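Each chain is listed here by its residues.
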Amino acid sequence: MTDTTAPRPASAQAMQATQPSVFDHRLQPRWVLPLLALLIAFPLIAQATGEEFYIGVASRVLVFGLAAASLNFILGFGGMVSFGHAAFVGLGAYTVGLLMQQGVTSAWLAWPLAMLMGAAFSLLVGAISLRTQGVYFIMITLAFAQMLYYLIMSFKSLGGDDGLSLPSRSEIGLGLDLGQDATFYYVVLALVSASLLAMARVLNARFGHVLQAIKENETRMQAIGFPVYRYKLVAFTLAGAFAGLAGAMLANQGSFVGPGMLQWTQSGILLIMVILGGVGHLYGGLLGAAVFLLLEEVLAAYTVHWQLGLGAVLLIVVLVAPNGLLSLRRGMWSKR
């Protein structure tokens, strides 16, 4: 008789250890690297063709892509439907605007502080709202965002309803002038790429696996001893930090900070971006932001009722690809 209890060869154990988990999210370098090369070359192409305007559009897409990706981090991988995510983005933007009003223009100080403010407020919101579930969680996050919105509106030093105009963009030094759209674009591209890489590393680590398992079955994870509340709170805080960074770059991109950045409609727009790109897909927020903003640019050139066309596109995506546009790619690969 053969011994079925004999240990497997070391090579087999190593092979099993290197096999990706269902909770792993690969960076897909076979198509990400060509896309990154295209993004790097984009300003050069735009300048060569005399279409420098689109460099600013691309920067805006990347910034909103990071904001949507931060929402997808807690929604798609943690199951937390936040309807107040724009508050973290707006708080990061106001941090940069307020510091610039005080003469602090260094990006090395203002942008990390914007992340810190986003993380601190998300920690406060999460500490309270994560004690609830379902629609109650959604309403509490919305309530916090609206409270911050009206609080900022009441401060004349923050511009009130008119917001704040930034005299210039932040200064990064190193011989780089963020006032030039191409330079600002490359800085944004570097930060967004680094942020997505950091999210991927977190999701592929033990913390990310536990977070995704909590989304699948929170009751079971709690029953076997995992501190569910703590994991969700850390994830919520990380998402707020990334959203704060997106807000800092958004303030610089438009040289303006307004209370509309914190309004609940902005949270709805971020949610639409995630749904368009793909909930639970690593690049879902970035793709959704690109589709949303580019459709807005195209449709707004033909009609002031561009929201109607965008709504039709969203309806088609939900019907054809309920898990977002990136789910179509998986479907095509599965048929091969």
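Our subject is the structure that appears above.
To keep things clear, this report deals only with the structure shown in the data block. (Residues numbered from 1 in each chain as written. Predicted model: local features only at pLDDT ≥ 70, side-chain atom pairs only at ≥ 80, totals over all residues. Heavy atoms only, no water.)

**With respect to the packing of aromatic side chains**
The full count for this structure, using the stated rule, is 11 aromatic pairs. Relative to phenylalanine 121, the ring of phenylalanine 88 has its centre 5.9 Å away and its plane inclined at 65 degrees; by these criteria the two rings are edge-to-face. On the criterion of sequence distance, the pair formed by phenylalanine 88 in helix H4 (residues 86-101) and phenylalanine 121 in helix H5 (residues 107-129) is long-range, its members being 33 residues apart. Note on phenylalanine 88: relative accessible area 2%, which makes it buried. (Phe/Tyr/Trp six-rings, centres within 6.5 Å; stacked < 30°, edge-to-face > 60°. Helix = DSSP H or I, 4+ residues; strand = E, 2+ residues; numbered from the N terminus. Buried < 20%, exposed > 50% of the residue type's maximum accessible area, 1.4 Å probe, protein only.)

**As for a nonpolar patch on the surface**
Together, Leu315, Ile316, Leu319, Val320 and Leu328 give the surface a local cluster of nonpolar side chains, amounting to about 510 Å² of exposed area. If you tally residues by element for the nonpolar patch, the top one is helix H13 (residues 306-320), at four residues. The residue isoleucine 316 is located in helix H13 in this model. Isoleucine 316 gets classed as exposed once you look at its relative accessible area, which sits at 53%. (Patch = residues over 30% accessible without salt bridge, like charges linked within 9 Å, V, L, I, M, F, W, Y side chains within 5 Å. Areas by Shrake-Rupley, 256 points an atom, 1.4 Å probe, with all protein chains shown as cover. Salt bridge = Lys/Arg side-chain N within 4 Å of Asp/Glu carboxyl O.)

**Remarks on the pattern of salt bridges**
Under the counting rule described, the total for this entry stands at two salt bridges. Salt-bridge contacts for aspartate 181 lead to arginine 169; the nearest nitrogen and oxygen are separated by 3.2 Å. On the criterion of sequence distance, the pair formed by aspartate 181 in helix H7 (residues 181-204) and arginine 169 in the loop between strand S1 (164-165) and H7 is long-range, its members being 12 residues apart. Measuring nitrogen to oxygen at the nearest pair gives 3.3 Å for the salt bridge that ties glutamate 218 to lysine 232.

**Remarks on empty space enclosed by the protein**
Empty space among the atoms becomes apparent when a probe as large as a water molecule is rolled across them. In the structure shown here, the tally under the stated rule is one cavity of 30 Å³ or more. Val57, Arg60, Val61, Leu293 and Glu297 together form the lining of the largest cavity. Breaking the lining of the largest cavity down by element, the ones donating at least two residues are helix H3 (53-75) and helix H12 (284-300). The leading source of residues in the lining of the largest cavity is H3, at three residues. In terms of residue class, the lining of the largest cavity is built from three nonpolar, no polar and two charged. (1 Å grid on protein atoms, 1.4 Å probe; cavity = no way out; pocket = protein on both sides within 12 Å on 5 of 7 lines; lining within 4 Å. Points joined across faces, edges and corners; volume = space filled by probe spheres on them. Nonpolar A, V, L, I, M, F, W, Y, C, P; charged D, E, K, R; others polar.)

**Remarks on the side chain of arginine 169**
Take arginine 169: its relative accessible area is 15%, and that puts it in the buried class. In terms of polar contacts, arginine 169 uses its side chain to reach the side chain of aspartate 181, at 3.2 Å. Here glutamine 253 takes part through its backbone oxygen, which lies 3.3 Å from a polar atom of the side chain of arginine 169. When near neighbours in sequence (up to four residues on either side) are disregarded, arginine 169 contacts Met100, Leu178, Gly179, Gln180, Asp181, Phe184, Asn252, Gln253 and Ser255. (Polar contact = N/O pair within 3.5 Å; in protein donor to acceptor, adjacent residues only side chain to side chain. Contact = heavy atoms within 4.5 Å.)

**Description of the layout of surface pockets**
In this structure, the largest pocket occupies an estimated 480 Å³ of space. As for the largest pocket, its lining consists of 17 residues, of which Leu35, Leu39, Val61, Leu286 and Ala290 are closest to the centre. Of all the secondary-structure elements, those providing two or more residues to the lining of the largest pocket are helix H2 (29-48), H3, H12 and helix H14 (326-335). Of the residues that constitute the lining of the largest pocket, the class distribution is 16 nonpolar, no polar and one charged.

Remember, this is a structural readout, not a statement about activity or role.
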